Amino acid sequence: MVRRSAETLTALLHDDFIYVNAGGTRFDKLGYIETYCTSGKVVFHEQEIDDLLVGEFPGFAVATLTVRDRFNAGGREVLATYRSLCVFTDANGKWLWAAGQTMPTS
């Protein structure tokens, strides 16, 4: 996210990716990449991950984590902490991010 690499993110996201951000906006793969990588609408400066817990199941995995973000959006700098849930699918031996939801911590 900090590198804003659309190429890297495209390779990591499942084609049917779905994500809901902390503001309640839902994104598909193309919308997520556009918003967070290519458009400049949201520009991450730092992203620190903590409290990562991963559970693996047949064909998929679920991760929960705390994310401390520093980014610019809509002309303002945001420094906030969020909780996220991410679902990964095993696509022929390659883990792809399939779905996620992020929420404010308080």
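What comes next is a walk through the structure. Note that residues are indexed from 1 along each chain, following the sequence as it is written. In keeping with the model being predicted, local features are shown solely for residues with a pLDDT of at least 70 and side-chain atom pairs are shown and tallied solely at 80 or more, while totals for entire chains, interfaces and linings include all residues. Water and hydrogen atoms were dropped before computing side-chain values, which therefore reflect all heavy atoms in the structure.

Another aspect to go through is the layout of surface pockets. For the largest pocket, the calculated volume is near 960 Å³. Cavity: a set of points on a 1 Å grid over the protein atoms alone where a 1.4 Å probe fits but cannot get out. Pocket: an open set with protein on both sides within 12 Å along at least five of seven lines, its lining residues, like those of a cavity, having an atom within 4 Å of a point. For the largest pocket, the lining is made up of 37 residues, of which Met1, Tyr32, Phe44, Gln47 and Trp97 are closest to its centre. Note on conventions: DSSP H or I runs of at least 4 residues are helices, E runs of at least 2 residues are strands, and numbering of each starts at the N terminus. Among the elements of the structure, helix H1 (6–12), strand S1 (13–20), helix H2 (29–38), strand S3 (42–57), strand S4 (60–73), strand S5 (76–91) and strand S6 (94–104) are those that each provide at least two residues to the lining of the largest pocket. When the residues that make up the lining of the largest pocket are grouped by side-chain class, the tally is 25 nonpolar, eight polar and four charged. Grid points are joined across faces, edges and corners, and a volume is the space filled by probe spheres set on the points. Three classes are used, and their members are as follows: Ala, Val, Leu, Ile, Met, Phe, Trp, Tyr, Cys and Pro are nonpolar, Asp, Glu, Lys and Arg are charged, and the others, Gly among them, are polar.

The subject of this paragraph is the pairing of S5. Of the pairings in the sheet, the one linking S4 to S5 comprises 14 bridges and is antiparallel in character. In the strand pairing of S5, Val67 is matched with Tyr82. Where S5 and S6 come together, 10 bridges link them in antiparallel fashion. If you follow Leu85 over to S6, its bridge partner there is Gln101. DSSP bridges decide pairing: two strands pair if at least two such bridges lie between them. Connecting S5 to the antiparallel partner S6 that follows it, the hairpin turn spans two residues, and Asn92 within it adopts a positive phi of roughly 55 degrees.

Bringing the pattern of salt bridges into the picture now. Within this document, salt bridges are pairs made up of a side-chain nitrogen of Lys or Arg and a carboxyl oxygen of Asp or Glu, the two lying within 4 Å of each other. Going through the model one piece at a time under the given rule, you end up with seven salt bridges. Put simply, Lys41 and Glu34 hold a salt bridge, and the shortest N to O gap is 3.9 Å. A simple rule labels every residue: compare its accessible area, found with a 1.4 Å probe on the protein chains alone, to the largest value its type can have, and call it buried under 20%, exposed over 50%, or partly exposed in between. Taking the relative accessible area as the measure of exposure, Glu34 reaches 40% and is therefore partly exposed. One salt bridge in this structure joins Arg70 and Glu46, with 3.0 Å as the shortest N-O distance. Separated by 24 residues along the polypeptide, Arg70 in strand S4 and Glu46 in strand S3 bring together distant segments of the chain. Among the residues examined, Arg70 registers a relative accessible area of 27% and is labelled partly exposed. Within this structure, Glu46, Arg70 and Glu77 form a network of salt bridges that share partners.

This part is about the pairing of S1. Where S1 and S6 come together, four bridges link them in parallel fashion. Bridge pairing in S6 links Tyr19 to Gly100. With three bridges joining them, S1 and strand S2 (residues 26–28) adopt antiparallel strand pairing. Each bridged residue has a counterpart across the sheet, and for Ile18 the counterpart in S2 is Asp28.

Such coordinate-based values are descriptive only and should not be taken to indicate function.
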